[in-house]
Structure formats: C-alpha cells, structure tokens
Amino acid sequence: MTSSNDAETVAEVAALSDAEAERRYYHWPDWAYEQQREPEGDWTTWLFMGGRGCGKTRTGAEWVRSLAARGVSPIALVGETMSEALAIMVRGESGLFRVCTDEERPILRRHQLIWPNGVEATLLSASDPDRFRGPQFAAAWCDEVAKWPNAEAAWDMLQFSLRLGDRPRQLATTTPRAIPLLRRLIADPHTVVRRMKTEDNKAHLAPDFMTTVVARYQGSVLGRQELDGEMIEDLPDALWQRSMFRRFAGGAMERIVVAVDPPVTGTARSDACGIIVAGRMGEGVVVLEDRTLRPAAPLAWARRAVAAFHAHEADAIVVEVNQGGDLVQSVIAQVDGNVPVRQVRASRGKWLRAEPVAALYGRGLVSHAEGLQALEDEMCAFGADGKADGHSPDRVDALVWAVTELVLNDGRPRVRGL
C-alpha cells in the first residue's frame, strides 16, 4: 500500500496498526490524484477521460460513494450494458463494493443499490435508453460513454431524468474516442474536463503491464488514445477523414454483397477476418454492417459470412483468395453450397486498391449505417504503410473489395437477381 504521491514508504505503512491501515485504505483523499478529485465551481458534467488503468472506475466509484455519504439520492449508474454496469461499476476491482467499508457498503437488490443511510442507486444500460423514461435522479455516473451504442441518444434521454435536487450533476468516465457526444461535451461550457494517462497511475499497476503492454503501444495512435487518453481525430496521411463519413438516410438497394478478407491462419494471434456487408444504391454505395470476426477459424468466418448473406438477402459473397485459393471457396461451400461466390485477387498494394474507394467517399457517394464505429476508426488509422496503426486493416480490406465490386467493376451485374 503506497499513496498516490509516493509520500509514504512501505516501511511507514507497515508500521501502522491494522485499524489505522484500514482507515487510511478507505480514505480516498490520501490516494486520489488531483484530476480524480471532484471539481470545484459551477458545473453540470464532469468528463474524466484517461488511458487504460489510470483510475477511471475508481474515480467514479469514489464519487458515488461521496454522494451517498452526503445523502444525494437517487443516483443513476449507467454502463454500456447492464452486465457491464454490474461487473465493472459495482463488483469490479475498483467498483463500489470494493471502495466502501463494511459499515457503509450498499446491498444489491436486482438492479438497485441501497446504502445503509437509505440512499438508492439504479443500474441502467445505455444500450436500452428507453428505460431512462420515467425514473428521476439527482446524479449520475456514466461509464465508458465513448463505447455506448448510439451514445448521443442515450445521453439525451438521461438528461431528461436528471431533475431532482438543487443541482443535478453527472460524471462521465471514459477512454476517449472521436465520437460526436464527446466533442459536444468538451465544447459545453458547463462541462469540466479532466484527463489522466496510464503512466500517471503506474504506482498502482502491475510492473509487467507497464513494461510489456505500455511499452509496446506507447507513441502509436492506438497508444495515444488507449494509454494517453487523447481523443484522436484524424491522421495527416490517412486516406479517410471522419468528415467524409455520411449517415445512411434510407432507401432500397439494387445489389448487396458480403465481402470477406480471410486470414491466412485461424489462431488467437492471427489477423481478424474482415467481413463487410454493402449495397449499391444509384451511383453510390451504402455500407450496411461490419461482421468482422477474431479469432477466425475457417468454418467460423464462413458461417458468419453465409449468415450475413442470408440476413441481408445478398447477391454474392466476394472473397479474396490470394492466400487460400480454391480452398477459400470450398470452406464456404461446406456451410452452404448454394451461395454464389465471387473470387477476387489482389494484384496491387492495399493503399493503391483503397485510393479509388476513398475517392468515392470524397465525392459523397458512400454512406454508412449506424454501428460502424470500429470500421470508421480503422479507416481513419489506415496510413501510407498499408496498415492501421501498425496492424493489418482487415475491415478496410473487406470494405475495399465490397465497394470495388459494387461500383468500380463496370462489367459486373448492377441489378439484384442478375
């Protein structure tokens, strides 16, 4: 046990009595970094963005603990899903059960926490924002908001329920991603932003984590986001910029394909199998779904691709066969021999194949359905080296094959059923 400012030595802590050691352990002001302390002043939203392991969950749990001690009730605890809210915010290593003493620890009844002093908190899932209708809250802790599906809709619904007490407030803890909600919160004058890096909390992290994981990714785009807590917008040399992404407004498809970029091997360390569903609409393309899979054993990715084919009533599966040749088509045939398969081979580098597709985005001819954040992140990280932040761009490869098949191959059929 060492303090966050390293003022105490191990010997000093060992000299404490059990009662004093326990008291110090649960006394958050002794441990909190300045960024983790509740901000002063007139604010509505406290946005705490940081790298992995920097103490975001502990910050949220300790803030809720302080609210409960002050009698602020009821409180909303919002996670990406109900299971994550329970597993991380309540029962996690730094969750509410761990930061409260035995005397103050709340009890869990279904989806409600009840403290000994009568304060109540309700667990909610951001994946089901309609459940925010009806309940009223005096405060809210929202965890990993950058991961929430349809984050803005969930956040907006929560705001309508924060209507109790003299000053309803909310804390949002997250590893940043360049999503509209975070941009909006940062620009809001009623938001206080605090940031921490993984490195800032190294005293409380396993040494192996710092020497392996942190050392491996430090300085990379992924590391700047996941370790340094930066909100990465665009790479200067990337083919795609986030401003190029248009949302699909609806309409009928003329032709739909499922594009597959299979990995060479199917082990846990292998590349992912990129699986993208896209449709032709007029002169443009709509990217409908990303079903990329990892790890991706041959039959596993084939089953997923065939399932996507049937779910979207597609016309064909377009699959790259540079690595597997005819074996790739035979794997799909094992799952469903009636599925039309269009084999494609890469004769140019990834960057050269992707350039014409990026040009279509630049002309506004490609739109995206909801739920393609992972694909968009990979596209914006796709650099001149043909990789996405040092990794194989499996989603991008499949996307390129899909768009090329639908628009750039003039000789291919353009009407569904042909």
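Here the structure is a predicted model, which means the values were calculated and not measured.

Definitions and cut-offs
- Residues numbered from 1 in each chain as written.
- Predicted model: local features only at pLDDT ≥ 70, side-chain atom pairs only at ≥ 80, totals over all residues.
- Heavy atoms only, no water.
- Pairing = 2+ DSSP bridges.
- Helix = DSSP H or I, 4+ residues; strand = E, 2+ residues; numbered from the N terminus.
- Axes fitted to C-alpha atoms, helices over the stretch in contact; angles between N-to-C directions.
- Contact = heavy atoms within 4.5 Å.
- Core = buried A, V, L, I, M, F, W, Y, C linked by side-chain atoms within 4.5 Å.
- Buried < 20%, exposed > 50% of the residue type's maximum accessible area, 1.4 Å probe, protein only.
- Right-handed = clockwise from strand over helix to strand, strands pointing away.

K.L.:
Account for the sheet that holds strand S3 (residues 107–109), naming residues and giving values.
P.N.:
Pairing is mixed across the open sheet formed by eight strands, whose spatial order is S3-S4-S5-S2-S6-S7-S1-S8. Only two strands of the sheet have a single partner each, and these edge strands are S3 and strand S8 (191–196). Pairs of neighbouring strands in the sheet enclose a mean axial angle of 20°, with direction left out of account. Relative to strand S6 (residues 139–143), strand S2 (residues 75–79) runs parallel, the two sharing four bridges. Of the residues in S6, the one forming a bridge with alanine 76 is alanine 140. Helix H4 (residues 82–90) rests against S2, S3, strand S4 (112–114), strand S5 (120–125) and S6 of the sheet, and its axis sits at about 135° to S5.

K.L.:
If you had to explain the nonpolar core to someone new, which residues and values would you point to?
P.N.:
Trp240, Val285, Val287, Tyr361, Leu375, Met379 and Leu399 are the most contacted members of the largest nonpolar core, which totals 33 residues. Put simply, the parts of the chain that give this core at least two residues each are strand S10 (255–261), strand S11 (274–281), strand S12 (284–290), helix H12 (350–362), helix H13 (373–380) and helix H14 (394–408). Of the residues forming this core, the biggest block, nine residues, is contributed by H14. Those residues within four positions of leucine 375 in sequence are excluded, and the remaining contacts are Ile276, Val287, Asp290, His368, Arg395, Val396 and Leu399.

K.L.:
Lay out the sheet that holds S10 with the relevant residues and their values.
P.N.:
Across the sheet, seven strands lie side by side as S9-S15-S12-S11-S10-S13-S14; this open sheet has mixed pairing. Looking along the sheet, the strands with just one partner apiece sit at the ends: strand S9 (246–247) and strand S14 (341–344). Relative to strand S13 (residues 316–320), S10 is paired through four bridges, and the arrangement is parallel. Considered in S13, the bridge of valine 257 is made with alanine 316.

K.L.:
How would you sum up the pairing of S6? Please name residues and give values.
P.N.:
Most of S6 is tucked away: five of the five residues are buried. The pairing of S6 with strand S7 (residues 169–174) spans five bridges and is classified as parallel. Paired with aspartate 143 across the strands is threonine 173, a residue of S7. For the crossover that starts at S6, traverses helix H6 (residues 151–161) and ends in the parallel S7, the hand is right-handed.

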